[in-house]
Amino acid sequence: MEQTKIEFPPHILEEVNRVIQMFPQDKQKSAVIRVLHIAQAQFGWLSTDVMDYVARLLHLNPIEVYEVATFYSMYDTKQVGKVKLEVCRTGPCMIEGAEKIVSYIEKKLNIKDGETTPDGIFTLKSVECLGACGYAPMLQAGEAYHEHLTEQKVDELIEMYSKNNSSVNYMGQ
Amino acid sequence: MSETVEKIKVTIDGNTIEVLPGTTILNAARMVGENLVPPPAMCYYSSLNGSGGKCRTCLVEVSKGSEKDPRPMPKLVASCSTQVMDGMEVKNNTSDKALEARKGVVEFLLLNHPLDCPICDQAGECHLQDLAFEHGLAHTRYEFKRREFDKVDIGEYIKLHMTRCILCYRCVYTANQLTNQREHGILNRGDAAEISTFIEKNLDNEFIGNVIDVCPVGALTDKTFRFKSRVWFTNPMDATCECSKCSGEAVVWMVGNDIARVTARKDKFGEVKNFICNDCRFNKKELTDWNITGPRHISRDSVISANHYEAPIPSHTILLNNA
Amino acid sequence: MSRKLLLQNDHIEGIQSYDVYRKNGGYQSVEKALKQMSPEAVLEEVKKSGLRGRGGAGFPTGMKWSFLAKPDGVPRHLLCNADESEPGTFKDRYLMEKIPHLLIEGMILSSFALGANSSYIYIRGEYMFVLRILEKAIQEAYNNGWLGKNILGSGYDLDLVVTPGAGAYICGEETALIESLEGNRGNPRMKPPFPAVKGLWQRPTVVNNVETIAAVVPIINHGGEAYASIGIDRSTGTKLISASGNINKPGVYEIEMGITVEEFIYGDQYCGGIKNGKKIKACVPGGSSVPILPHYLICKTASGADRLMTYESLADGGFATGSMLGSGGFIVYDEDQCIVRNTWNFARFYHHESCGQCSPCREGTGWMEKVLHRIENGHGKMSDIDLLWEIQSKIEGNTICPLGDAAAWPVAAAIRHFREEFEWHVNEPVLSQTRNFGLVTEKILNPA
């Protein structure tokens, strides 16, 4: 594994500062949620080192960052693939066949729900309601919503992301 | 301030008492005295800011909101975080609804609790044990695998046994308010939430040992005392020492002539008023460290009192002492 | 044809952009308010309109605003709750994605009425693509003088920020939202104090849903009375309904309060009937938290009256035979759907989303999920059904925030109306695995 240095490049730091300045001067803790999104986009997942770095940037106790990072379901405190396929599994999506989509992807990628492909490209994760109930079944990959899924559409998505996966999970800035 | 604040009247289970505005129902109930058993509290801790409201064991029924607005409150309220109003009438142990809800809460709290009292150091002074005895069902209806965590050492002196934790948050508030940097907190969410340092870190601070005393269950225990004795075989004595960091007012728990452990002094509601430093708690284990002032008063209902002074001293201890 | 007050322009090409929005009458209400009206007058119109919170609870907005404490020298805040996460609900996303400036316009009006000079839109993290649309629109609004210092020369200043969550349904609860906005875990606060007194950073705060804030725009444009003239009873104006499930035309519809449920389900301009010519079995009219209605209580109330799309009519009969308008998340189930499976699915959702702060919800939601999973998978016992009833009754009303109630109600309602189906799962563990629900549905559709 190549080691990435835990430090934002200047243009990202600029973005972090913009986020911090959205809040009153002594309230920079408010920025932690978005900064963690940015960090996850930059480093792939939130390792302890990444969270400690965010804590330093925002002058927080590391434990305060760990508490937040482990509360919200979008953050990954374990390593994941370059493309997270997050299939909504709640109510309306279930009636419209979300489970079939999940098992289709499981078969196609030969991984189970929650696992990552050996090449480190795809992680499959079924998640709770993403607010696309009328366009079910659906999945989110990075920031993009893919709705009205069919097996054919899943094939196309996987093909597309297999080829182009460098900045899919890019979120937060 | 010379003006006198007018007291307000509240009636709890038929006992009327006058309290200062801003007093919670729970604290008012505690002030009533002998005629009233106050609501149980597993998470509220009067000296810790922000504590309370979470465990829901102290739910009471407000049958009359106030003199001004006598309507009853639609839901049971957490007595630890609801302030009294003038003329309020509260049903605590006289409310079937509240007792029923508490029974439910006890069942919820015990759902994932390992019930390993026979091997738990807290047994005998565990608030959950008392609560279950007073308010619980005789059996559990939960038939699934219980939540389990590995035991971890957080620092040299403290053992964290998360499986027993009821997530009262007291230890987090303690670390926040008593020490200069909090290293542990609540991680994850829902029933996966846990007390942790995230990375196995030492809780290293002069007052961090107090998390053991505020813990209502056996989740945080004193490693210097682990498995040394059951509490009901110990003789608790009030003791003082000269200490530059804390009041030096503590309780030493004796087994024979040995100090098995040191804790802060708890009041009749199980709360510490004067927190003690780690030095007093973990390092002063010699009789010469302390000036013993007399036996510690322990509630007559406690098992600690049950065979108080007749505690059999384990034979190996006698041997060691005589050696 | 139903009148539209929010989505009347959603079909216009480019309405996302400032120029097109402005050309179609956008920001006129801000001109009117800031040039001709006082904050009190704006509040008065909102009170007259009868507008009620569109996030689910339906609390009168004007009243909520009038509770806001106004101590001298303490800043006040308006927070827009765009954490839309209630299963079945996707209307706020539609509104923000299609017409972002409508929300911004509403934020300016509402902030002005409340005397707030910095306001925040808290949007769920998964809607990051919508956040970007909003950020762009906010920038356009700044560039055109609708935000910032001395708006329209009125002396009124407003800064508007949009900030994301990161995946937590609980942050739709207003005090959890505030905690999250402060950069904390989304644990709801104990109340009192209420946000109107001590909210964001301990300052007086109002939290309103996206649709509620957007509705202030037509209220100021047309007047509170005109708004109140639409609808029935205390359900005034229009409401966005997110329609999903086994219907021909799922999507977001703006309805006039008071149309019949029957028209909404079967009317061509709305859901267009049940898909594949099937029969309707059940309906959750207000998002996953509200009680499910069996087919015979959907279009008619228990007393035989037409059920209307209003707060009052959907709640007619209480929980025994009614439900709630809630957030307007309208989920329709056809005869092939399994209620036990759906109830388990919702229970799993609430288990996953419980913050874990208070014990009944933390422990009870997981317990319900496990028992339901057992029944659904053919390992249930008859006593499990009563056990479920017991558990939900011990959660409901005993938790810090309404998530406990939201988890308890769907379970209670499913057992209340579909007990036979639960029993069938217990009695026929193998048959129920075939998911052939014709048999049970027939029984339920034609009770002897």
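Structure: above.
Let's talk about the overall build of chain B
- A count of helical and extended segments in chain B gives eight helices and 14 strands.
- Overall size of chain B, expressed as C-alpha extent along the three principal axes, is 70 × 55 × 40 Å.
- The contacts in chain B between residues at least 6 apart in sequence include a share of 63% that link residues at least 24 apart.
- Accessible area for chain B stands at about 15,200 Å²; split by element, carbon and sulfur atoms hold 50% of it.

Side note on the interface of chain A and chain C
- On the side of chain C, 60 residues touch chain A, which itself brings 42 residues to the contact.
- For the chain A and chain C pair, buried surface summed over both sides reaches about 4,000 Å², with 56% attributable to carbon and sulfur atoms.
- Run the count over chain A and chain C and you get seven salt bridges.
- In this structure, Glu96(A) and Lys275(C) form a salt bridge, with 3.2 Å as the shortest nitrogen-oxygen distance.
- Those elements that place two or more of their residues in the side of chain A that touches chain C are helix H2 (32-43), helix H4 (62-71) and helix H5 (91-95) of chain A.
- Residues that form the side of chain A that touches chain C fall into these classes: 20 nonpolar, 11 polar and 11 charged.

As for the pattern of salt bridges
- With the rule as written, the count across this model stands at 64 salt bridges over all chains.
- Ionic pairing is found between Glu271(B) and Lys273(B), a salt bridge with its closest N-O pair at 3.3 Å.
- Judged by relative accessible area, which is 1%, Glu271(B) ranks as buried.
- A salt bridge links Arg3(C) to Glu256(C); the shortest N-O distance between them is 3.2 Å. Taken together, the residues span a long stretch of sequence, with Arg3(C) in the segment before helix H1 (18-23) and Glu256(C) in strand S8 (residues 251-256) at a distance of 253 residues.
- Take Glu256(C): its relative accessible area is 16%, and that puts it in the buried class.
- By sharing partners, the salt bridges in this structure join Glu100(B), Lys103(B), Glu107(B), Arg141(B), Glu390(C) and Lys394(C) into a single network.

Digging into the sheet that holds strand S10 (residues 220-222) of chain B
- Overall, antiparallel pairing links the three strands, which are arranged S6-S7-S10 (chain B) in an open sheet. The open sheet has two edge strands, strand S6 (152-153) and S10 of chain B, and neither has a second partner.

Quick notes on the rules
- Numbers given for residues are sequential positions, taken from 1 along each chain in its written order.
- For naming, the first written chain is A and the first written ligand is 1, with later ones following in the order written.
- Whole-chain, interface and lining totals are the exception, using all residues; otherwise, since this is a predicted model, local features are given only for residues with pLDDT of at least 70 and side-chain atom pairs are given and counted only at 80 or more.
- The basis for every side-chain value is the complete set of heavy atoms in the structure, and neither hydrogens nor water enter the calculation.
- Helix and strand labels come from DSSP, where a helix needs a run of H or I of at least four residues and a strand needs a run of E of at least two; each type is numbered from the N terminus.
- We call two residues in contact whenever any of their non-hydrogen atoms come within 4.5 Å of each other.
- Accessible surface area values rest on a Shrake-Rupley calculation with a 1.4 Å probe, where residue burial reflects the displayed protein chains alone.
- Put simply, buried area is the surface a 1.4 Å probe can reach on two separate parts but cannot reach once they are joined, added for both.
- What makes a salt bridge here is a side-chain nitrogen of Lys or Arg within 4 Å of a carboxyl oxygen of Asp or Glu, nothing more.
- For this scheme, ten residues count as nonpolar: Ala, Val, Leu, Ile, Met, Phe, Trp, Tyr, Cys and Pro. Four count as charged, namely Asp, Glu, Lys and Arg, and the remainder, Gly too, count as polar.
- Burial classes: relative accessible area under 20% of the type maximum marks a residue as buried, over 50% as exposed, and values in between as partly exposed (1.4 Å probe, protein chains only).
- Any two strands with at least two DSSP bridges between them are considered paired.

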